[in-house]
Amino acid sequence: MKKSEGSAVLCMFASLLLSIFVSVLAIMLSVKLGFASNNSLMNALDEVGYYDMVYDDFMTKCESIIIPDGLSKEVFDGVFSVEQMRSDGNAYLDAQLNSTVFNSKFDVYEQKFSANIKDYAQKHQLKVDGDMDAIIADISDDIMDYYLEMIRIPYASTIGSIFRMISGYFIYVFVAMIIFTVITIWIIYKQNPYKKNRIFRYLAYGTMSGAISTLIPPLYCIITRFYTKLQIYPEYMYKFIVRYIENGISIMMVVGVILLITALTCIALSSYLKYKYVHTKHHHHHHYHSDEEAAEA
C-alpha cells in the first residue's frame with residue numbers, strides 16, 4: 001500500500017515537472033517561430049503591402065522636394081519602382097538583422113536620376129543659378145537620403161541583436177527541456193508498468209497544463225486587442241506592427257491547440273484503457289466463478 005502511495009506521489013510530482021517542461025518548450029517554440037525570426041518580420045511586411053504604401057509616400061514627398069526647382073515628377077521615370085523598393089527594403093532589413101553590409105544600387109539610381117534631370121532641364125530650357133551639375137548632385141543626394149530613410153525599419157539592428165541572442169540560447173534550453181521531458185515520461189512509465197491508463201492520465205495532466213499556459217497569453221491578446229490601440233505613425237508602420245503581433249499570436253495559438261488535442265487524446269486513451277482493463281478483469285473474474293460452479297456441480 002505504501003509503495004503504491006509513494007508511486008502515486010512520484011507520478012504526480014513527475015507530471016507537475018512535465019507540465020513545466022512542456023510549457024517552457026511550447027512558449028519557447030511559439031516565440032521563436034512567431035516573433036523572434038527574420039521570416040516573421042518579412043512575412044508581416046509582405047502581407048500588409050508595406051512597401052506599396054511606403055513607395056506612394058516616398059513619391060509624394062519626392063515631388064514636393066523637386067517642385068521648388070521647377071522640376072516635375074517625370075524626372076523619376078525609370079528611376080524608382082515598388083518592386084525595386086521592396087527588394088532594397090528586404091535586403092537592407094536582412095543586412096540590419098544579420099549585422100552584415102547592405103550592398104545598395106544607389107549609384108545606379110543617382111546616375112539615371114541625374115540624367116533625367118539634365119534631359120528635363122534641356123527640354124524645358126530651365127535656367128539655374130550656379131553650376132548645373134552641383135545643383136543636380138544636391139537634389140540627387142536629398143532624394144537618395146530620403147529613399148534610404150524610407151526603406152529603413154526603425155530599430156532593426158537592435159531587433160536583430162535580440163533575435164541572435166535568443167537563437168544562441170534557444171538550442172541549448174530547447175534540447176535540455178526535451179531531455180527533461182523524456183526523463184519525466186520515462187519515470188511515469190516505469191512507475192506504471194501494468195496500468196497503462198495511468199501513464200496516459202499523467203501525460204494528460206502535463207500536456208493540458210502546457211496547453212493552458214500557452215493558450216492564455218494569445219487568448220488575452222485576441223480578447224483585449226490591446227495592440228491595435230498603439231499610437232504608431234505612419235499608417236504603414238502601424239499596419240506592419242499589428243500584423244507582426246497577430247502572426248505571432250496565431251503561431252502561439254496553433255502550438256497551444258496542438259497541445260490541447262494531445263492532452264484530450266491522452267485522456268481518451270486513458271479512459272479507453274481503463275475501460276478495457278476493468279472489462280477484462282470483470283470477464284476473467286466471471287469466468288473463474290463459472291468454472292468453480294461447474295466443478296461443484
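For the structure, see preceding data.
A. Molecular detail of the overall build of the protein chain. Tallying secondary structure elements over the protein chain gives 9 helices and 0 strands in all. Ordered by position in the sequence, the α and β elements of the protein chain form the string α-α-α-α-α-α-α-α-α. Compactness check: the protein chain gives a C-alpha radius of gyration of 32 Å against a globular reference of 19 Å for 297 residues, more than 25% above the reference. Seen through its principal axes, the protein chain has C-alpha atoms that stretch 125 × 30 × 30 Å. Look at the contacts in the protein chain between residues 6 or more apart in sequence, and 83% of them connect residues 24 or more apart. For the protein chain, the accessible area works out to roughly 17800 Å², and carbon and sulfur atoms hold 63% of it. Looking at charge distribution, the protein chain has the averaged site of its 25 positive side-chain charges lying 18 Å from that of its 30 negative ones.

B. Inspection of the environment of Glu47 at higher detail. Here Glu47 is to be found in helix 2 (residues 38-47). Counting along the chain gives 40 residues from Glu47 to Ser87, while the straight-line C-alpha distance between them is 15 Å. At 3.0 Å, the side chain of Glu47 forms a polar contact with the side chain of Asn247.

C. Quick peek at the nonpolar core. Core analysis: the largest hydrophobic core is formed by 52 residues, its most contacted members being Tyr50, Phe58, Phe76, Phe80, Ile143, Tyr147 and Phe240. Contributing elements (two or more residues each) for this core: helix 2, helix 3 (50-66), helix 4 (82-98), helix 5 (106-123), helix 6 (132-151), helix 7 (156-191) and helix 9 (235-296). Residues Cys11, Ala14, Ile199 and Val255 belong to the second largest nonpolar core, which totals 14 residues.

D. Local environment of the pattern of salt bridges. For the structure on display, the rule yields 6 salt bridges. Between Arg225 and Glu246 there is a salt bridge, with its nearest N and O atoms 3.7 Å apart. Note that Arg225 is positioned in the loop between helix 8 (196-224) and helix 9 and Glu246 in helix 9, a separation of 21 residues in sequence. For Glu246, a relative accessible area of 23% translates into the label partly exposed. Between Glu246 and Arg243 there is a salt bridge whose closest N-O contact spans 3.7 Å. You can see Glu246 and its partner Arg243 sitting in helix 9, 3 residues apart, about one turn around the helix. Overall, the relative accessible area of 27% leaves Arg243 in the partly exposed class. Each member of the salt-bridge network shares a partner with another, and the members are Glu47, Arg225, Arg243 and Glu246.

E. Quick look at the side chain of Thr214. Within the secondary structure, Thr214 sits in helix 8. Relative accessible area serves as the criterion here: at 0%, Thr214 is assigned to the buried category. The residues contacting Thr214, other than those within four sequence positions of it, are Ala26, Ile27, Ser30, Met252, Val255, Gly256 and Leu259.

F. Quick peek at helix 6. Under the 1.5 Å per step criterion, the end-to-end length of helix 6 is 29 Å for 20 residues, consistent within 8% with the ideal 28 Å. For helix 6, the set of buried residues is Ile136, Ile139, Ser140, Ile143, Met144, Tyr146, Tyr147, Met150 and Ile151. Seen end-on, helix 6 carries its buried residues on one side only, within an arc spanning 160 degrees.

Calculation criteria
Residues numbered from 1 in each chain as written. Predicted model: local features only at pLDDT ≥ 70, side-chain atom pairs only at ≥ 80, totals over all residues. Heavy atoms only, no water. Helix = DSSP H or I, 4+ residues; strand = E, 2+ residues; numbered from the N terminus. Rg over C-alpha atoms; globule rule 2.2 N^0.38 Å. Contact = heavy atoms within 4.5 Å. Areas by Shrake-Rupley, 256 points an atom, 1.4 Å probe, with all protein chains shown as cover. Lys, Arg positive; Asp, Glu negative; His and termini not counted. Charge placed at Lys NZ, Arg CZ, Asp CG, Glu CD. Polar contact = N/O pair within 3.5 Å; in protein donor to acceptor, adjacent residues only side chain to side chain. Core = buried A, V, L, I, M, F, W, Y, C linked by side-chain atoms within 4.5 Å. Buried < 20%, exposed > 50% of the residue type's maximum accessible area, 1.4 Å probe, protein only. Salt bridge = Lys/Arg side-chain N within 4 Å of Asp/Glu carboxyl O. Expected span 1.5 Å × (residues − 1). Arc of directions from axis to C-beta.

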